[in-house]
Every structure is written in structure tokens, then in C-alpha cells.
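Here are the chains, one letter per residue:
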Amino acid sequence: QDMVYTVHIDLHKDVADDFELKAEGNSGKVDIQLSKMEPGVRWSTVGKTLEGHGDHVKSKEREIEYIECSLKSKEALTQDTRLFVIQVPEYTYLPVPVGYHVRVRLPEKDVARRYTPISATLSTADPGEYGRQVYLFIKIYEEGALTPALDALTLGSSIEVSLPEGTFSHEKLTAATITATDLCLLGAGTGITPLIRVMLVALRNDRKVHLILFNKTEEDIPWKEELDNLVEDHSNLLKMTHVLSQASDSWSGWKGHIRQELLEKVLPASSPERSIYLCICGPTVFTKLGISLFSELGYSGDDFHAFLG
């Protein structure tokens, strides 16, 4: 059961402005280390509890809470996608668990959309401190209710970001990146976003990963050079397959859309020595068709996770 526990305390005495937060992305454990302004003074109590302290509620029953952040940078990745780097305010951390999403809206606007943060870099190195910035890969729709306004923002503009939500539990993350010997990730378009961090965790755990990306053209493939470099650096573990629906005549790879014949060829063959876990994300039609195909190929609900909006 995914639960949220609230700590709300008026501390007994002052603490230094700087503090350290350690959040284990895999387990969800959070440590907050504060420094006393008067190091030698013993506190008789931690402080006075305030309203809401000790609340323990199901995530889905929690009221949506937004934090006012600011746009730090914006970069065009393809012709219609952008990488937004959002700065969290001072004294605030917003660590997002692997596979979870946040809601984004603009001040005084009612429209909000869900986006899954990606990692700062496509690297298997220790991510270090996280939670001070949120990295979002967003497709811009000309007639969209929110994305044109996001694309028009200038640096420093306010953006409201919610606390994380999601159903990709610690048990599912463990099944995908530790228990399974082979992890297959299928993403269409911006559906790559939740898969990036899952992939990096699996590679850190020395698990075999097959990243299967569905896009229209070669120009629509995000981070192609960085992903190619990652495959080269982890050639013994990482494999990547591209499927293009509007491929050029010179394209020699897979063409078309997700289908049973394709999955039978690219997914690893089952064996007693091999445990396979699948993750899929993309437009709803793509994801639901993928779920149906998984079932036809003999996978049970415990063998995969579908990221659905």
C-alpha cells in the first residue's frame, strides 16, 4: 500500500540554513540532517508538533499540493520536444521516486498535466544530490491547453509542480531492476521518460536491459547520440532497438508500429534460467495494445508494468 506520512514540527530552537537530505530512490527512505545554531546546547525536546503532523494516508487520498518553482533552463531536443529544468525554491527538496510523476501547472491557470521527471544525465554514475531540480521532457502541441504556454515561458518564470504521485511501487522497481535477469522497456515518443531512470537503476545493478523505442522518424529520437554512447559503454548489458513509423528509404531498421510479430522477434526468449520483466509507456492506444500483446505472448500481470496517464 503506497502511503504518505507527514512530519510537521516547529523546532525547539534555531537551526542553520544549510541542511542535508538523503533520499534513497530505491527504498524510499529519507534522512534529514539539521545542524543546531548552538551546537553545545542540549534540547529538552525536538519541538512542538503542528497541524497535520503524524498524518498517515493513502497516496491516492492525499490532497494535491503544489510547490511554486521557477524555470531554470529550456532546451530543444527535437523539433517539437523540450527539456525543461525546473528549480525548486530555497530550503525545499522535491525528490521524485523512480517511475513516479508530478503535475505541472502555471500560476492562476486551472490546467495541469502529468509528467514523469527524467534523470539529469544519461549516466549510471551515482546521481548524488537530487530533489533541488526537476528535469522534464515535454512534447509541445500547437493547440495544446498547456504546452504552448510552457514553451513561451522565459527563464525565471514561475511554474507550479505537485508532490509526486504514481503506482510504480518499490516492489515493482525491485522486480524490474533486481529480481529480473532481463528488463525490456518499450516506449513510444515521450513515453521514454519513465523508462530512462528505470533503465539506469537496472544497469547499476548489472541487469540486462533492452530499450525498444517507437518514433515517427530518426529526427524524432531523443538523446540518440547519448543513448548510442550509453550502449557502447555498457555493450555487455544494454541493447537498443528503434522502430520508426515514417522511416526514410535509407532506414534499415524496424518499421511500422507495435505488433505481435515484432515483439516475438525483439523480446528475449523465455527460459528456466531467465526472468523477464517488461515496462511500457506511450500514448494510451499504444500502451493498451502493448498490454494486450503481452497477454497473447504469455506474460502475466506480475511480469510487466504499464505507465498509464
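Computed from a predicted model, the values in this text were never measured in an experiment.

(A) Looking closely at the environment of Ile-258. Note that Ile-258 resides in the loop between strand 16 (254–255) and helix 5 (260–266). It is 15 Å that separates the C-alpha atoms of Ile-258 and Met-240, two residues lying 18 residues apart in sequence. Once you skip the residues sitting within four places of it in the chain, Ile-258 turns out to touch Leu-186, Phe-214, Leu-263, Ile-280, Phe-286, Leu-289, Gly-290 and Leu-293.

(B) Representation of the UniProt feature "binding site: FAD" (unreviewed entry) in the protein chain within the structure. Those places that UniProt annotates as "binding site: FAD" (unreviewed entry) correspond, in this numbering, to Arg-113, Tyr-115, Lys-139 and Thr-193. In summary, the annotated positions, though distributed over 81 residues, converge in three dimensions, the widest C-alpha pair being only 14.4 Å. Here Arg-113 falls in the partly exposed class, since its relative accessible area comes to 39%. In this view, Arg-113 contacts Val-102, Arg-103, Val-104, Ala-145 and Leu-146; residues no more than four positions away in its chain are not counted. Of note, Lys-139 is situated in strand 11 (residues 133–139). Judged by its relative accessible area of 26%, Lys-139 is partly exposed. Lys-139 has contacts with Asp-80, Thr-81, Thr-147 and Thr-190, leaving out every residue within four places of it along the chain.

(C) Structural context of the sheet that holds strand 11. The antiparallel open sheet is built from six strands, whose spatial order is 10-9-12-7-8-11. At either end of the open sheet lies a strand with only one pairing partner, and these are strand 10 (112–115) and strand 11. Within this sheet the neighbouring strands show an average axis-to-axis angle of 40 degrees, counted without direction. Across seven bridges, strand 8 (residues 81–87) lies against strand 11 in antiparallel orientation. In the strand pairing of strand 11, Leu-83 is matched with Phe-137.

(D) Local environment of the pairing of strand 18 (residues 304–307). Residues Phe-304 and Ala-306 line one face of strand 18 and the alternating positions His-305 and Phe-307 line the opposite face, and both faces are buried. For strand 17 (residues 276–281) and strand 18, the ladder comprises four bridges, and the chain directions are parallel. Note that in strand 18 the partner of Ile-280 across the bridge is Ala-306. Viewed along the sheet, the connection from strand 17 through helix 6 (residues 284–296) into strand 18 turns out right-handed.

Cut-offs used in this document
- Residues numbered from 1 in each chain as written.
- Predicted model: local features only at pLDDT ≥ 70, side-chain atom pairs only at ≥ 80, totals over all residues.
- Heavy atoms only, no water.
- Helix = DSSP H or I, 4+ residues; strand = E, 2+ residues; numbered from the N terminus.
- Contact = heavy atoms within 4.5 Å.
- UniProt positions renumbered as here; feature names shortened; annotations may be inferred.
- Buried < 20%, exposed > 50% of the residue type's maximum accessible area, 1.4 Å probe, protein only.
- Pairing = 2+ DSSP bridges.
- Axes fitted to C-alpha atoms, helices over the stretch in contact; angles between N-to-C directions.
- Right-handed = clockwise from strand over helix to strand, strands pointing away.

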